[in-house]
Amino acid sequence: MIVLLCGLALAMTPDEAVRAATANDPTLAGAEAELLSATGARRSASWLRSNPEIELGADVGGQRFSASVTQELSLSGAGFADARSGRYGVEAAEAGLVRARLVAAAEARRAWARLAAADGALRAAEREKASAAAVRTGTAARRGAGEASDLELELSRLEEARGVAAWLQAIDERADAQAELAAITGDATATAEGDPLDAVPPAGSGGARSDVTAAEARVVAARAALARERAEGVPSVGLGAFVESEGDRTLAGPAIRVELPIWQQNAGGRGAAKGDLAVAEAQVRATRARAESEQASASRRLTELGEAGSSLAPGVDASAETAARAIEAGVASGEIDPVEAALLRARVFEGQRGWYAARLAEAEARIDAALAVEDTGLLRE
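Every value quoted in this text rests on a predicted model; they were computed, and no experiment measured them. (Residues numbered from 1 in each chain as written. Predicted model: local features only at pLDDT ≥ 70, side-chain atom pairs only at ≥ 80, totals over all residues. Heavy atoms only, no water.)

Enquirer: I'd like a description of the sheet that holds strand β3 (residues 237-246), backed by residues and values.
Expert: Read from one edge to the other, the open sheet built from four strands follows the order β1-β2-β3-β4, with strand pairing classed as antiparallel. Both outer strands of the open sheet, β1 (53-58) and β4 (249-258), are each paired with one neighbouring strand and no more. Adjacent strand axes in the sheet meet at a mean angle of 15° when their direction is disregarded. Of the pairings in the sheet, the one linking strand β2 (residues 64-73) to β3 comprises 10 bridges and is antiparallel in character. Residue Phe65 lies in a different strand from β3, and its bridge partner there is Ser245. (Pairing = 2+ DSSP bridges. Helix = DSSP H or I, 4+ residues; strand = E, 2+ residues; numbered from the N terminus. Axes fitted to C-alpha atoms, helices over the stretch in contact; angles between N-to-C directions.)

Below, the structure written as structure tokens:
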């Protein structure tokens, strides 16, 4: 009992799982890194796109000295297009980060609910194993007294073996669920105790899908990038000044440098930008379709489920414990034979596992629905 109470005290709550996930989820870290990169790119495009160049020269004897400074300037509008592309790139990254936070919160709640259900199923398997052992012990005692047959004893042994196998499988399933919660929260000791429906977020306000907003911004950024690459076909102009000194003679004046676009006209850049635009347009169509489908599916699933899981009577563990003890007492007294006991025990513990499965199904449906409409309740603590 003391160990159980300690485990309950240390168990992570759904809100704690959300906090940990939004601080440690690798996917969210990737979205934050993308925003940093996009912000840096926008800043680079907001000023002159190249640094000024300074050239100095002098002869060995010190009789002649020359210096020049040149600044590359784009007269084709490539800089403006680059700045526009950077601005919408940041907008896309910001929307992507919003979506990543909501997804991380939803995944944390889903992982918590799955672990809570797996923990409940493990308790059911442990009690089923113990009950099968008690029935086998009772049947063996009755067989020694000549009140049970060899067949009844062998059946009770086989039922115990089945119970052990189910218990081992439940241990593996709980370990997988615990690993899933640990991965998203960054806490290797993360545990969940309670009703899977506790993971359902409180009602909040919905809004436009940020993944659609991000995809649309990427299209605008890609179009601006294509305009930039087309403008790059017109070479930039270098404007500056020079000064030369030789003996007592000094010359100074303006300088201009222009590249002749004879062999290269940025065909590679234009081709790559056209491909990026085509990909962005395809992605925005797919994202819109997926968003509409997820919203319709979530709404339909909630309507179909209703409150099937949450309407189930609470205290399923206590009910299963009471029924198991009654079955064991019936076998020990000879009122229930091992065959009937196996059937009754299967009903008891399948019902206990079914309670957790039903509550988990409703919890996942409600979490999916909240994510489909980007309900802010997902992040609420």
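Anyway, onward from the coordinates.
Enquirer: Give a detailed account of the pattern of salt bridges, specifying residues and quantitative values.
Expert: Two side chains that carry opposite charge are able to pair once their charged atoms sit near each other. With the rule as written, the count across this model stands at 35 salt bridges. Of the charged contacts in the structure, one is a salt bridge between Arg109 and Asp15, with a shortest N-O distance of 3.4 Å. Here the residue Arg109 occupies a position in helix α4 (residues 78-144), and Asp15 occupies one in helix α2 (residues 14-24), the gap between them amounting to 94 residues. Arg99 is the salt-bridge partner of Asp211, the closest N and O atoms lying 3.9 Å from each other. With Asp211 in helix α6 (residues 210-231) and Arg99 in helix α4, this residue pair connects regions lying 112 residues apart in the sequence. The two residues Asp211 and Arg99 agree in class, both being buried. Salt bridges linked by common partners bring Arg99, Arg209, Asp211, Glu294 and Glu374 together as one network. (Salt bridge = Lys/Arg side-chain N within 4 Å of Asp/Glu carboxyl O. Buried < 20%, exposed > 50% of the residue type's maximum accessible area, 1.4 Å probe, protein only.)

Enquirer: So what's going on with the environment of Leu122? Which residues, and what values?
Expert: By the element assignment, Leu122 lies in helix α4. C-alpha of Leu122 to C-alpha of Ala170: the two residues are 48 residues apart in sequence and 5.1 Å apart in space. With near-sequence residues (within four places) excluded, Leu122 lies in contact with Trp167, Ala170, Ile171 and Arg174. (Contact = heavy atoms within 4.5 Å.)

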